[in-house]
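Descriptive analysis of the structure
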Amino acid sequence: MFCANCGNQLPDDARFCDACGAPVVAEDSVLDSSPVIEPEPVTEDETKGRKVTENIRLGTDGKYHWYYEFRLMKNPTILFVLWKIFFWIFVAMWAFLSIINSIQGHFNTKDFLDFSKIFLLILVGVEALVAISYFLYAAMQGFKYCVMFEMDEDGVRHTQMPHQFKKAQAVSLVLILAGMATKNPGAVGQGMLAGAKNSMVSSFSHVKSIEIFRKRNVIKVNEKLGKNQVYAFDQDFDFVVDYIKSHVTRKCKVYEK
């Protein structure tokens, strides 16, 4: 089976093209000797779903579908997330070790300051490594992150396109092995993040807060134990924001930044 939009070869059970993101139209079944009943004319919108905004369609499955191409160097949202993750990991380690040393009576003011400076230098080095790794990852992915979104009354699903996820898994294995060989927990952590599952689902009933970054085309949907990032183009952004706001609980906090 081939994509009607770009001609890419697809598996028989594909719902969307992993090259261009277009919905897949099932091919006609093989004709037999039974009498053929001419179907009523079907419009393109009925086949692919009803268009609700410039890039979003309401499919026959009752879900809103859209494809987003994220420019990794122009929009550093993912890099900021990685920096934040490693920052809080190091803060937690610094606090834990500081408390242990204080309880054991090994710390005076000078030792505490020296210990904190060493931790700060390590943190700066790790964050620099994260930035370099991010650039290399972006280069391997063609400096873009291609993602498909599905959204309905229950929640929103964020799925990385298969051809990019395979590259991410290859990168993750190299990072994990290199980190283990050099006893570098930072590299191991980066590898685990890069090879994480390619799909994330957020249930609107469990969302605790929403952070809206209009200039970066990002909507962060935060559950208690999970964070999802939803991307939408300018012409689709208000629709996605309004839909999410109208389906989360009243206790959900909304922040526009």
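If you're wondering where the values come from, they're calculated on a predicted model, not measured in any experiment.

Thresholds applied
Residues numbered from 1 in each chain as written. Predicted model: local features only at pLDDT ≥ 70, side-chain atom pairs only at ≥ 80, totals over all residues. Heavy atoms only, no water. Pairing = 2+ DSSP bridges. Helix = DSSP H or I, 4+ residues; strand = E, 2+ residues; numbered from the N terminus. Axes fitted to C-alpha atoms, helices over the stretch in contact; angles between N-to-C directions. Contact = heavy atoms within 4.5 Å. Core = buried A, V, L, I, M, F, W, Y, C linked by side-chain atoms within 4.5 Å. Buried < 20%, exposed > 50% of the residue type's maximum accessible area, 1.4 Å probe, protein only. Polar contact = N/O pair within 3.5 Å; in protein donor to acceptor, adjacent residues only side chain to side chain.

Taken together, four strands build an open sheet; the order of strands is β9-β8-β7-β10 and the sheet is mixed. On the outer flanks of this sheet lie β9 (227-231) and β10 (253-256), each paired with one strand and no other. Averaged over all pairs of adjacent strands, the angle between strand axes in this sheet comes to 15°, irrespective of strand direction. Helix α6 (residues 234-247) rests against β7 (207-213), β8 (218-223), β9 and β10 of the sheet, and its axis sits at about 15° to β8.

Two strands in a sheet stick together by hydrogen bonds in their backbones, pointing the same way (parallel) or opposite ways (antiparallel). Spatially, β1-β2-β3-β4-β5-β6 is the arrangement adopted by the six strands of the open sheet, whose pairing is antiparallel. With partners counted over all chains shown, the strands left at the sheet margins are β1 (50-51) and β6 (199-203), one partner each. Pairing analysis gives two bridges linking β1 to strand β2 (residues 57-58), with the strands arranged antiparallel. The partner of K51 across the bridge, within β2, is R57. Across the sheet, α6 lies against β3 (64-71) and β4 (144-151), angled at about 45° from β4, the strand it touches most.

On to the nonpolar core. Among the nonpolar cores identified, the biggest contains 41 residues, and W66, M151, I219, Y231, V240 and I244 are the most heavily contacted of them. Secondary-structure elements contributing two or more residues to this core are β3, α2 (77-103), α3 (109-140), β4, β7, β8, β9 and α6. Among the elements that line this core, the one with the most residues is α3, at seven residues. Once you skip the residues sitting within four places of it in the chain, W66 turns out to touch N55, I56, V147, M148, F149, M151, V230, Y231, A232 and V240.

Attention now goes to the environment of N55. Within the fold, N55 resides in the loop between β1 and β2. Sequence spacing of N55 and H65 is 10 residues, and the spatial spacing of their C-alpha atoms is 8.5 Å. Residues within four places of N55 in sequence aside, it is in contact with H65, W66, F233, Q235 and D236. A distance of 2.8 Å separates a polar atom in the side chain of N55 from a polar atom in the side chain of D236.

No statement about biological role is implied by the geometric values presented.
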